[in-house]
Amino acid sequence: GVEGYVICNRDGQVLRRLPSMTQSQAEVYAHKMSGLSKKARGVVRDLNPKNELRYLRIRAKRHEVLVAYDEEFLVIVIQRWTQSG
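Read on for an overview of the structure. (Residues numbered from 1 in each chain as written. Predicted model: local features only at pLDDT ≥ 70, side-chain atom pairs only at ≥ 80, totals over all residues. Heavy atoms only, no water.)

1. Quick notes on the pattern of salt bridges
Inference 1: Evaluation of the coordinates by the stated rule reveals 5 salt bridges.
Inference 2: For the salt bridge of Arg 54 with Glu 52, the shortest nitrogen-to-oxygen distance reads 3.6 Å.
Inference 3: In this structure, Glu 64 and Arg 57 form a salt bridge, with 2.6 Å as the shortest nitrogen-oxygen distance.
Inference 4: Among the charged side chains, a salt-bridge network with shared partners connects Arg 41, Glu 52 and Arg 54. (Salt bridge = Lys/Arg side-chain N within 4 Å of Asp/Glu carboxyl O.)

Structure below.
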């Protein structure tokens, strides 16, 4: 299930967050994902200038971070992830 979300501008400033998430947690996610998505966007453009990064998905042992990249905003969703098997 969803554990948190952050909506921030392209500079990483938090505009909205899940109320149960602290401001400092939201700022960390916004700062880190803003930087990572800019770098990933650059890599995608280097590989093919006609392509553009719109969505980024990162999976770790317990969480999955989904980032939707737009002209003005980043939408970051943090969700619990368990391996089915």
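There's more to say after this.
2. Focus on the side chain of Ser 34
Inference 1: Here Ser 34 shows up in helix H1 (residues 23-47).
Inference 2: Assessed through its relative accessible area of 4%, Ser 34 is described here as buried.
Inference 3: There is a polar contact of 3.1 Å between the side chain of Ser 34 and the backbone oxygen of Arg 10.
Inference 4: Apart from residues lying up to four places away in sequence, Ser 34 is in contact with Arg 10, Asp 11, Gly 12, Tyr 29 and Leu 74. (Helix = DSSP H or I, 4+ residues; strand = E, 2+ residues; numbered from the N terminus. Buried < 20%, exposed > 50% of the residue type's maximum accessible area, 1.4 Å probe, protein only. Polar contact = N/O pair within 3.5 Å; in protein donor to acceptor, adjacent residues only side chain to side chain. Contact = heavy atoms within 4.5 Å.)

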